[in-house]
Amino acid sequence: SREGDGHFGPLALRLAEKGIAALALDFAGCGDSVEDTAAYTLDNMEADVRAAVDYMRTRCGAGGPLGLLGHSMGGRVVSLHLSESIAAAALWSPANGNGLNGLEFIDHDANNLESMRQAAVEAGSYDVSGWNVTISADFVNQMDTSHPCDFIREYTGALLVAFNGGDTELLSQTTIDDTLQAAKDRGTDFVDLSGQFANANHNYQSAAGDEAETAAISESIEGQTAQVFIDALLPADDAAV
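Fair warning: this is a prediction, and the values are worked out from it, not measured in the lab. (Residues numbered from 1 in each chain as written. Predicted model: local features only at pLDDT ≥ 70, side-chain atom pairs only at ≥ 80, totals over all residues. Heavy atoms only, no water.)

Remark: helix α2 (residues 42–59) packs on helix α3 (residues 73–81), axes separated minimally by 10 Å, with the N-to-C direction vectors making an angle of 70°. It follows that α2 is roughly perpendicular to α3 by the angle criterion. Touching Leu42, Met45, Glu46, Val49 and Arg50 of α2 are Met73, Arg76, Val77, Leu80 and His81, all from α3. Here the contact of α2 with α3 is built from residues that sort into six nonpolar, one polar and three charged. (Axes fitted to C-alpha atoms, helices over the stretch in contact; angles between N-to-C directions. Helix = DSSP H or I, 4+ residues; strand = E, 2+ residues; numbered from the N terminus. Parallel < 35°, antiparallel > 145°, perpendicular 65-115°, else oblique. Contact = heavy atoms within 4.5 Å. Nonpolar A, V, L, I, M, F, W, Y, C, P; charged D, E, K, R; others polar.)

Below, the structure written as structure tokens:
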């Protein structure tokens with residue numbers, strides 16, 4: 001959702017202080033979205049990103065370079081959206097498992113994921129046990145045929161990749177390693193935050209529930225992410241102010 005577990009608002013303020021406009025959005029079935037979770041598909045999420053960019057261009061006068069930030073499934077969407085038109089990208093714990101393995105946060109067993117895909121195709125949808133959501137066959141099939149790390153390898157813009165200690169509850173070590181390797185394969189330096197948040201959960205909060213620790217985690221990831229965007233999106237003289 002557009003709240004980003006409390007991170008996106010403060011990050012947007014950091015950017016606004018430098019004159020960078022920011023817009024956050026709710027995907028289907030998330031936050032204040034009135035759409036059903038069955039509309040939560042990769043195609044629809046990518047269309048939402050394009051619509052948000054168009055809105056920024058036309059309504060906010062944002063005609064300069066563009067940066068994208070995505071967390072978890074949002075990180076997968078950003079990865080799949082990477083192109084020469086994106087000057088900077090930040091991927092927070094992206095759900096970048098190859099193909100259907102991108103749904104490993106639902107079930108870590110590949111055979112179970114394939115059974116889920118088949119059930120979704122036969123019924124047109126699938127009720128995710130424990131999540132209280134219904135996902136569409138379109139979403140499952142689009143996940144199955146998407147390969148986000150391929151886009152990372154070809155991306156030439158500024159890049160930040162973050163993973164934390166709590167990610168392995170939802171993401172496999174293979175996904176984490178493959179994403180970081182794809183960033184390295186570019187042959188261009190990137191900001192690697194994968195070793196900085198050992199005590200954080202998947203949402204970049206204190207795994208122990210400690211408020212001071214959560215504040216420190218937030219300050220670190222929001223500040224470092226903001227700096228990547230500032231350096232990439234502003235002229236050198238403005239970024240140094």
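Another aspect to go through is the pattern of salt bridges. Taken as a whole, this structure holds five salt bridges when the rule is applied. As a salt-bridge pair, Arg117 and Glu114 come within 2.7 Å of each other at their nearest N and O atoms. With Arg117 and Glu114 both in helix α4 (residues 110–123), this residue pair falls three residues apart, about one helical turn. By relative accessible area, which is 27% here, Glu114 ends up partly exposed. Put simply, Arg153 and Asp150 hold a salt bridge, and the shortest N to O gap is 3.0 Å. One end of the pair is Arg153 and the other is Asp150, both in helix α6 (residues 148–154) and three residues apart, which spans about a single turn. Look at Asp150 and you get partly exposed, because its relative accessible area is 41%. When salt bridges that share partners are traced, they join Glu114, Arg117 and Asp144 into one network. (Salt bridge = Lys/Arg side-chain N within 4 Å of Asp/Glu carboxyl O. Buried < 20%, exposed > 50% of the residue type's maximum accessible area, 1.4 Å probe, protein only.)

Our next topic: the pairing of strand β4 (residues 133–136). Alignment of strand β3 (residues 125–128) against β4, held across four bridges, turns out to be antiparallel. Across the sheet, the residue bridging to Ser125 is Ser136, located in β4. Taken together, β3 and the strand that follows it, β4, pair antiparallel across an intervening segment of four residues, in which Gly130 is found at a positive phi of about 90°. (Pairing = 2+ DSSP bridges.)

Moving on: helix α7 (residues 173–185). Its 13 residues give α7 an end-to-end C-alpha distance of 18 Å, which sits within 8% of 18 Å, the value for a rise of 1.5 Å per residue. Along α7, the residues that are buried comprise Thr175, Ile176, Thr179, Leu180, Ala182 and Ala183. For α7, the buried positions fall inside an angular range of 155° around the axis, keeping them on one side. Backbone geometry just after α7 places Gly187 at a positive phi near 80°. (Expected span 1.5 Å × (residues − 1). Arc of directions from axis to C-beta.)

With that settled, the discussion passes to the packing of aromatic side chains. Taken as a whole and assessed by the stated rule, the structure comprises four aromatic pairs. Their ring planes at 50° and their centres at 5.7 Å tell us that Trp92 and Tyr204 sit as a pair that is tilted. Of this pair, Trp92 sits in strand β2 (residues 88–92) while Tyr204 is found in the loop between β6 (191–192) and α8 (211–233), placing the two residues 112 residues apart along the sequence. Each member of the pair Trp92 and Tyr204 is classed as buried. Relative to Tyr204, the ring of Phe197 lies with its centre 5.6 Å away and its plane at 85°, an arrangement referred to as edge-to-face. Clustering of aromatic rings is evident, with ring pairs tying together Phe8, Trp92, Phe197 and Tyr204. (Phe/Tyr/Trp six-rings, centres within 6.5 Å; stacked < 30°, edge-to-face > 60°.)

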